[in-house]
Amino acid sequence: GTAAVLLAGHTVHLDLDRAAPSPRAHAAARPGRARQPAVPVRPLSARDTLPAALVASAGKKAKGAAGGAYEAAVGERVEVIMVEEGLRGAKYAADVLGRKAGAVHVEHYHLFDEDDESLRLKEWAAAAQVVREPPPPPDGWLSGVRVGQQLEMRHEEGWWPVKVLEAAARRKGASSYLVEAVGYG
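No experiment lies behind these values; they were computed from the predicted model shown. (Residues numbered from 1 in each chain as written. Predicted model: local features only at pLDDT ≥ 70, side-chain atom pairs only at ≥ 80, totals over all residues. Heavy atoms only, no water.)

### A few points about the overall build of the chain
Scanning the chain for helices and strands turns up 1 helix and 10 strands. Starting at the N terminus, the α and β elements of the chain follow one another as β-β-α-β-β-β-β-β-β-β-β. Excluding contacts between residues fewer than 6 apart, the proportion of contacts in the chain whose partners are at least 24 apart in sequence is 50%. Within the structure as shown, the chain displays about 10000 Å² of accessible surface, and the carbon and sulfur contribution to it stands at 52%. (Helix = DSSP H or I, 4+ residues; strand = E, 2+ residues; numbered from the N terminus. Contact = heavy atoms within 4.5 Å. Areas by Shrake-Rupley, 256 points an atom, 1.4 Å probe, with all protein chains shown as cover.)

Below, the structure written as structure tokens:
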């Protein structure tokens, strides 16, 4: 795992040029050079955000959103946008086990049953919480990152929304990004 932490009020530096980031590492990306970042980040798509009404009803029985929800097929690998306190906004990979009106039965890859942590968590999620896994970002996409832009950062096997607070040029064309967790500041 990564040493970067996304907790309430925390801000982290990403260093995509280092093998093992520290909690205060910097993010560096060399233009034109494809590399796997030490702290994976990806662009955030507006289509992968939850309707405000669904977020407001967090903690209640999962209910579908009105129309327009992505209809994942049984057996498909998807991401589930979490609405629970402490996980709100993060996306976790899951397999679709079944469907019913407005809800999708999923089995998570990296979330586990509270009673038996050897079992992957199975739960019903509102259809609006289920989104396609995005394709990998194109080479060089980090060179276009700007202050104020929202990205997703991998933390504890989930993808968490972050906002770029600062971007600074560094050695040999590399860049450094200071990000903050969205909704936890």
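### A word on a negative patch on the surface
There is a patch of like negative charges on the surface, built from Glu114, Asp115, Asp116 and Glu117. Relative to the helices and strands, Glu114 is located in the loop between strand 5 (103-112) and strand 6 (120-126). (Patch = residues over 30% accessible without salt bridge, like charges linked within 9 Å, V, L, I, M, F, W, Y side chains within 5 Å. Salt bridge = Lys/Arg side-chain N within 4 Å of Asp/Glu carboxyl O. Lys, Arg positive; Asp, Glu negative; His and termini not counted. Charge placed at Lys NZ, Arg CZ, Asp CG, Glu CD.)

### Considerations on the packing of aromatic side chains
Per the stated rule, a full pass over the model turns up 0 aromatic pairs. The ring of Trp124 carries the charged tip of Lys100 above its face, separated from the ring centre by 4.6 Å. A cation over an aromatic ring shows up here: Arg120 above the ring of Tyr109, its NZ or CZ 4.7 Å from the ring centre. (Phe/Tyr/Trp six-rings, centres within 6.5 Å; stacked < 30°, edge-to-face > 60°. Lys NZ or Arg CZ within 6 Å of the ring centre and 35° of its normal.)

### Focus on unusual backbone geometry
A positive phi angle is found at Glu156, which is not glycine, with a value near 50°. On the basis of relative accessible area, Glu156 is assigned to the exposed category, the value being 57%. Phi is positive for Glu157, which is not a glycine, with a value near 70°. Relative to the helices and strands, Glu157 is located in the loop between strand 8 (150-155) and strand 9 (158-169). On the basis of relative accessible area, Glu157 is assigned to the partly exposed category, the value being 37%. (Buried < 20%, exposed > 50% of the residue type's maximum accessible area, 1.4 Å probe, protein only.)

### Notes on the environment of Gly98
The residue Gly98 is located in strand 4 (residues 91-100) in this model. Its relative accessible area of 13% is what places Gly98 among the buried residues. Separated by 26 residues in the primary sequence, Gly98 and Trp124 have C-alpha atoms spaced 9.0 Å apart. Aside from chain neighbours lying at most four places away, what touches Gly98 is Val74, Val104, His105 and Trp124.

### Here's the deal with the pattern of salt bridges
If you walk through the whole model with that rule in mind, you get 8 salt bridges. Among the ionic pairs, Glu85 bridges to Arg88, the shortest N-O distance being 3.3 Å. What makes Glu85 exposed here is its relative accessible area of 67%. Residue classification places Arg88 among the partly exposed residues on the basis of a relative accessible area of 30%. Note that Glu152 and Lys91 form a salt bridge whose closest N and O atoms lie 2.7 Å from each other. Residue Glu152 is found in strand 8, and its partner Lys91 is found in strand 4; the two are separated by 61 residues along the sequence.

### Here we look at the environment of Lys91
Assessed through its relative accessible area of 1%, Lys91 is described here as buried. Placed 70 residues apart in sequence, Lys91 and Pro161 show a C-alpha to C-alpha distance of 8.8 Å.

### A short note on the confidence of the model for the chain
Here the chain shows a mean pLDDT of 72. Residues at 70 or above account for 61%. Within the model, the stretch residues 1-37 combines pLDDT values under 50 with 92 contacts to residues more than four positions away or in other chains. Low pLDDT, under 50, characterises residues 53-67; the stretch is placed with 17 contacts to residues that sit more than four places away or in other chains. (pLDDT = per-residue confidence, 0-100.)

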